Amino acid sequence: MYSYLRERIKHAVRFRHKRGFGVHSPFMFNLILNVIRDKEKKFNYPEQAEHNRKIRLKQRKLYRLICRLVCFLNVDYVLCFSAHSGDILAYLSGSAARKEANQPRFMREAGFIYIGKDARTVLQDVVIDFLPTATVRQKCIVITDIYKNSFNARLWQQWRGKATVSVDMMWYGLLFFDEKLQKGRYNLII
């Protein structure tokens with residue numbers, strides 16, 4: 001609990017990229033302003049998923065963000081590790097991407113990977129090999145509970161050093177693996 005509070009205070013003091021200030025990468029500037037924040041409301045979400053009363057507000061915000069990221073990055077293959085994969089895949093129903101849930105053997109082929117807070121049950125004993133290949137040049141990984149969940153925190157710390165770009169949003173983190181991107185670490189709150 002102490003380390004979580006320490007990380008929250010540190011994050012609150014350091015977040016400065018909320019409106020794109022200090023971001024020199026054109027890709028990240030566009031991503032922060034037009035995808036993560038989505039102030040122009042450019043993205044549409046499936047009505048059936050939006051009217052699902054089982055989904056709480058915090059989850060809905062995350063699922064919308066995932067939907068926006070998948071559309072913006074034009075991903076061919078999405079892989080979700082979560083007990084709520086059905087809800088996430090419902091948000092991605094408008095996307096042309098191939099979607100799978102809880103299939104660790106396809107991590108190398110996936111262009112977008114979502115790791116939920118309960119992913120430990122699926123990924124506990126799996127040798128994780130996700131780095132980009134010749135066929136999948138760009139890869140995006142979203143990890144939830146990067147400070148509360150010990151398994152996800154460990155994945156976040158390990159992969160953050162290997163990623164080209166990392167975006168720490170306190171409750172979840174985004175990792176981008178693409179050699180064409182400018183390296184950077186960003187802290188923001190949406």
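Above this text is the structure in question.
Residues numbered from 1 in each chain as written. Predicted model: local features only at pLDDT ≥ 70, side-chain atom pairs only at ≥ 80, totals over all residues. Heavy atoms only, no water.

1. Structural notes on helix 7 (residues 150-160)
Each α-helix winds once per 3.6 residues, and so residues spaced three or four apart point in a common direction. For the record, the criterion: With a 1.4 Å probe rolled over the protein chains alone, any residue whose accessible area is under 20% of its type maximum counts as buried; one over 50% counts as exposed, and the rest are partly exposed. Note on conventions: DSSP H or I runs of at least 4 residues are helices, E runs of at least 2 residues are strands, and numbering of each starts at the N terminus. Here a residue-residue contact requires only that any non-hydrogen atoms of the pair lie within 4.5 Å.
Those residues of helix 7 lying buried are Phe 151, Asn 152, Ala 153, Leu 155, Trp 156, Trp 159 and Arg 160. Packed against the buried residues of helix 7 are strand 3 (112-115), helix 6 (120-123), strand 4 (139-144), strand 5 (165-168), strand 6 (172-177) and strand 7 (184-187).

2. Notes on the pattern of salt bridges
For the record, the criterion: We count a salt bridge whenever a side-chain nitrogen from Lys or Arg sits within 4 Å of a carboxyl oxygen from Asp or Glu.
Under the criterion given, the structure shown has two salt bridges. The salt bridge partner of Glu 50 is Arg 64, with a shortest N-O separation of 2.5 Å. One end of the pair, Glu 50, is in helix 3 (residues 47-50); the other, Arg 64, is in helix 4 (residues 57-73), with 14 residues separating them in the sequence. Between Arg 98 and Glu 100 there is a salt bridge, with the nearest N and O atoms lying 3.8 Å from each other. The class of Arg 98 is partly exposed, set by a relative accessible area of 45%.

3. Notes on the nonpolar core
Here is the rule we go by: Remark: nonpolar core denotes a set of buried residues (Ala, Val, Leu, Ile, Met, Phe, Trp, Tyr, Cys) joined through side-chain atoms within 4.5 Å.
Grouped together as the largest cluster of nonpolar side chains are 38 residues, with contacts concentrated most on Leu 69, Phe 112, Val 167 and Phe 176. Of all the elements in the fold, those that place two or more residues in this core are helix 2 (26-36), helix 4, strand 1 (77-81), helix 5 (85-91), strand 3, strand 4, strand 5 and strand 6. Looking at this core, the element that brings in the most residues is helix 4, giving eight residues. Leaving out residues up to four positions away in the same chain, Val 167 has contacts with Met 28, Trp 156, Tyr 172, Gly 173, Leu 174, Phe 176, Tyr 186 and Leu 188.

4. Side note on the sheet that holds strand 1
Operational definition: Pairing between strands is defined by DSSP: at least two bridges between them are needed. Comment: axis = line fitted to C-alpha atoms, over the contacting stretch for helices; angle = value between 0 and 180 degrees taken between N-to-C directions.
Read from one edge to the other, the open sheet built from seven strands follows the order 2-1-3-4-6-5-7, with strand pairing classed as mixed. This sheet does not close on itself; its edge strands, each paired only once, are strand 2 (98-101) and strand 7. Across the sheet, the axes of successive neighbouring strands diverge by a mean angle of 10°, strand direction being ignored. Where strand 5 meets strand 7, four bridges bridge the pair, whose relative direction is parallel. By the bridge assignment, Val 167 is partnered in strand 7 with Tyr 186.

5. Considering the packing of helix 2 against helix 4
Packed helices, taken two at a time, are described by the angle their axes make and the gap between the axes. Test applied: In what follows, roughly perpendicular refers to angles from 65 to 115 degrees, roughly parallel to angles under 35, roughly antiparallel to angles over 145, and oblique to any angle outside these ranges. By definition, turning the near helix anticlockwise from the far helix through less than a right angle yields a left-handed crossing, and turning it clockwise yields a right-handed one.
At a minimum axis distance of 10 Å, the contact between helix 2 and helix 4 shows a crossing angle of 135°. As judged from the angle between their axes, helix 2 and helix 4 are oblique. Like other packed secondary-structure pairs, helix 2 and helix 4 cross with a definite hand, here right-handed. Here helix 2 contributes Phe 27, Asn 30, Leu 31, Val 35 and Ile 36 to the contact with helix 4, which in turn contributes Leu 65, Arg 68, Leu 69, Phe 72 and Leu 73.

6. Structural notes on unusual backbone geometry
Backbone geometry at Asn 74 places phi at a positive 55°, although glycine is not the residue there. Assignment of secondary structure puts Asn 74 in the loop between helix 4 and strand 1. Taking relative accessible area as the criterion, Asn 74 reaches 62% and is therefore assigned exposed. At Asn 102, a residue that is not glycine, the phi angle is positive and equals roughly 55°.

The analysis is restricted to geometry; functional conclusions fall outside its scope.
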